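Observations on chain architecture
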Amino acid sequence: ALSRRSLATATDRFQAAMSLFGDLDAQHGIAECLVGLAVVARLRGDHSVALTWCERALMLQRKSGTGDAVFTRLEMARVRIALGEIEEAQIELISVAEAAAEHGQRTVLAQAHAALLLAASLTGQWDDWDVHLAEVQRLTVATGLVEASLADAAQDAAVAAVAADQRDRARDALEIALGQW
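The following refers to the structure shown. (Residues numbered from 1 in each chain as written. Predicted model: local features only at pLDDT ≥ 70, side-chain atom pairs only at ≥ 80, totals over all residues. Heavy atoms only, no water.)

1. Here we look at the overall build of the chain
- Helix and strand counts for the chain stand at 9 helices and 0 strands.
- Relative to its full complement of 181 residues, the chain shows a buried share of 45%.
- For the chain, the proportion of contacts with a sequence separation of at least 24, taken over those separated by at least 6, is 58%.
- Accessible surface computed for the chain: about 8,900 Å², of which carbon and sulfur atoms make up 53%. (Helix = DSSP H or I, 4+ residues; strand = E, 2+ residues; numbered from the N terminus. Buried < 20%, exposed > 50% of the residue type's maximum accessible area, 1.4 Å probe, protein only. Contact = heavy atoms within 4.5 Å. Areas by Shrake-Rupley, 256 points an atom, 1.4 Å probe, with all protein chains shown as cover.)

See the structure below:
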């Protein structure tokens, strides 16, 4: 439902699943549902709610010891970008990218670089853009990754590049987005 942008259906499904996970006292499952709800809230433009869901998910993940919560941290960074807190988002995304590289999580690494591509486009850091673009291109080819969140970040980066009169860069980012859709 989320990949088709049926946000109401996605919300209903995440809430139903969260209720079931709550009945089972499955904290990790609840956290994953909270991240899903955060994505929906971000897509709706309700960034403060999205950030709250991410913070709750991260708290549950840390409390239950379920790893480094890379997807929660990725989503939290996307929310921070939407809120204009780009420097904070970049710091988090670099940390996520380093952890993903260390653990061989190439799909997470691609998503982190796509979000960093967006951040670079919004701040005019075009040298960084070139690095992140090359990494996203390399990783999507190497992994065969098709991921809506990566497409969203690349599309948003393309829009920001057009606004900065960086049409060639925008075209490159749009090619990534189209390859993901």
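2. Focus on the pattern of salt bridges
- Taken as a whole and assessed by the stated rule, the structure comprises 8 salt bridges.
- The salt bridge involving Arg73 is made with Glu92; its shortest N-O contact spans 2.4 Å. Placement of Arg73 in helix α4 (residues 70–82) and of Glu92 in helix α5 (residues 86–102) is noted, with a sequence separation of 19 residues between them.
- Among the residues examined, Glu92 registers a relative accessible area of 26% and is labelled partly exposed.
- Here Asp168 makes a salt bridge to Arg171, at a shortest N to O gap of 2.5 Å. One end of the pair is Asp168 and the other is Arg171, both in helix α9 (residues 167–180) and 3 residues apart, which spans about a single turn. (Salt bridge = Lys/Arg side-chain N within 4 Å of Asp/Glu carboxyl O.)

3. Details of the layout of surface pockets
- Of the volumes computed, that of the second largest pocket is approximately 180 Å³.
- Every element with two or more residues in the lining of the second largest pocket is listed here: α2 (27–44), α4, α6 (106–123) and α8 (148–163).
- For the lining of the second largest pocket, the leading source of residues is α4, giving 3 residues.
- In terms of residue class, the lining of the second largest pocket is made up of 5 nonpolar, 1 polar and 4 charged. (1 Å grid on protein atoms, 1.4 Å probe; cavity = no way out; pocket = protein on both sides within 12 Å on 5 of 7 lines; lining within 4 Å. Points joined across faces, edges and corners; volume = space filled by probe spheres on them. Nonpolar A, V, L, I, M, F, W, Y, C, P; charged D, E, K, R; others polar.)

4. Focus: unusual backbone geometry
- Although it is not a glycine, Asp25 adopts a positive phi angle of roughly 55°.
- With respect to the helices and strands, Asp25 occurs in the loop between α1 (7–23) and α2.

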